[in-house]
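Per-entry structural report
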2 protein chains.
Amino acid sequence: MEKPQTSISMSVIRRLPKYYRYLSELVEKGVTRISSKEFGRILGFTASQIRQDLNCFGGFGQQGYGYNVKELRDEIANILGLNKNNDAIIIGAGNLGQAIANYSGFRGSGFLLKAMFDINPRLVGISIRDIKIMDIDEMAGFIEEAKINVGIICTPKEGSQGVADRLVKAGIKAIWNFSPTDLNVPGDVIVENVQLSESLMVLAYLINERDRI
Amino acid sequence: MEKPQTSISMSVIRRLPKYYRYLSELVEKGVTRISSKEFGRILGFTASQIRQDLNCFGGFGQQGYGYNVKELRDEIANILGLNKNNDAIIIGAGNLGQAIANYSGFRGSGFLLKAMFDINPRLVGISIRDIKIMDIDEMAGFIEEAKINVGIICTPKEGSQGVADRLVKAGIKAIWNFSPTDLNVPGDVIVENVQLSESLMVLAYLINERDRI
């Protein structure tokens, strides 16, 4: 189902995975419908926030009935594109890269990990969960041949811009970036940064707030 | 400077680290003041959003002058509690735990890593960047003795609730949780989850959106 999607704010988009996660849990628990008020209570949002967010995508609730849990979950999966396939590679096969290779969330989001790349000859040739670590010089050829569309950067900060440049040159249009740096890429390349520092600062805030009371 | 902080929404709090990060960059570039309009352009927010957010903490701008960049950065650091000390331990010294131990962002956020714990006898006894990996049975004693107040959970999903229980029993009141599971803890324990799946779903959305155009 295609809906006109003009300029939906990133704040709304960033809330969608949370909707999806809680709706999936409700489906698992056998809940079939839920009011925006009750759903808001679970999520910690107001009912009007929820109605407003979901209205951005055409609205799904019915007055006096609420939301059909399974339908809404499937619709959000559809909006998020979780049913599409994205073939990905990891660049940087050190601790972080290996930890991400073990990450169980890829499948549920439509991502499939196809290979890992590193410059370290001691890592090249070994496999992590059936995913082979290859030499980074083989990367461009592999991207083209295997039609990879996502690069996951797990290198140290110093190497990340160089890796991004090589990915872009090889035709990659989407990057999941774990290095704590803002990558410089052409405008048509999507970069999603995993901002550990932001999460850590929120934790600092919450501790600080509590200790002041 | 203490300000009355009643119920500031988590959405506002989650934006503060971004303010802090961009203000730090502006300070480094030698920028001394900035209008809410220009600041909004850099951040991708509207000027009124920025004024509204910062008003939650008492407001800092001056009509016709804008914000003093360094003052605002320092004030946000203060609000975030980045100048406080939080001593932390990592539980789970596998790939993820070791990657987090190497994470450079601890110091800038007031966190200090004091030890790592694991159940794997092959890991216990070795050190990662001068941080010793100890047996998890020594954890409760260490927390008490070294006055640790933050536990960072890097165990596989299956072990994380058990670890959280042990942390809470040992008196820990704040957890940075990397395991992809909602931890069940008493109401006075802060849990900040690193939601990799949410970040990955946002990436899926952005790819899906672009490919539809």
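Residues numbered from 1 in each chain as written. Chains lettered and ligands numbered in written order. Predicted model: local features only at pLDDT ≥ 70, side-chain atom pairs only at ≥ 80, totals over all residues.

Focus: the relation of the copies chain A and chain B
Rotating chain A by 180° and translating it 0.0 Å along the rotation axis places it on chain B, where the RMSD comes to 0.0 Å. In the structure described here, the two chain copies are related by an operation that fits a two-fold rotation axis. When each C-alpha of chain A is compared by its distance to the rotation axis, Asn95 of chain A comes out closest, at 2.3 Å. Looking at chain A, 100% of its interface residues are interface residues in chain B too, so the copies touch through the same face. (Least-squares fit on C-alpha atoms with pLDDT ≥ 70 in both. Contact = placed C-beta atoms within 7 Å.)

Some words on the confidence of the model for chain A
Residues and elements named next belong to chain A. Per-residue confidence for chain A gives a mean pLDDT of 90; residues scoring 70 or more make up 96%. Per-element mean pLDDT across chain A ranges from 86 in helix α3 (residues 47-55) up to 98 in strand β7 (residues 150-153). Ignoring residues within four places in sequence, the model shows residues 1-5, a span with pLDDT below 50, making two contacts including any to other chains. Overall fold confidence (pTM) sits at 0.83, and the ipTM for the predicted complex is 0.91. (pLDDT = per-residue confidence, 0-100. Helix = DSSP H or I, 4+ residues; strand = E, 2+ residues; numbered from the N terminus.)

Digging into helix α7 (residues 157-169) of chain B
Residues and elements named next belong to chain B. Along α7, the residues classified as buried are Ser160, Val163, Ala164 and Leu167. Seen from one end, α7 has its buried residues packed into an arc of 110°, which puts them on one side. Exposed positions of α7 whose direction lies more than 90 degrees from the buried face are Glu158, Gly162 and Lys169. Following α7 by one or two positions, Gly171 has its phi on the positive side, about 105°. (Buried ≥ 20, exposed ≤ 12 C-beta atoms within 10 Å, placed from the backbone. Arc of directions from axis to C-beta.)

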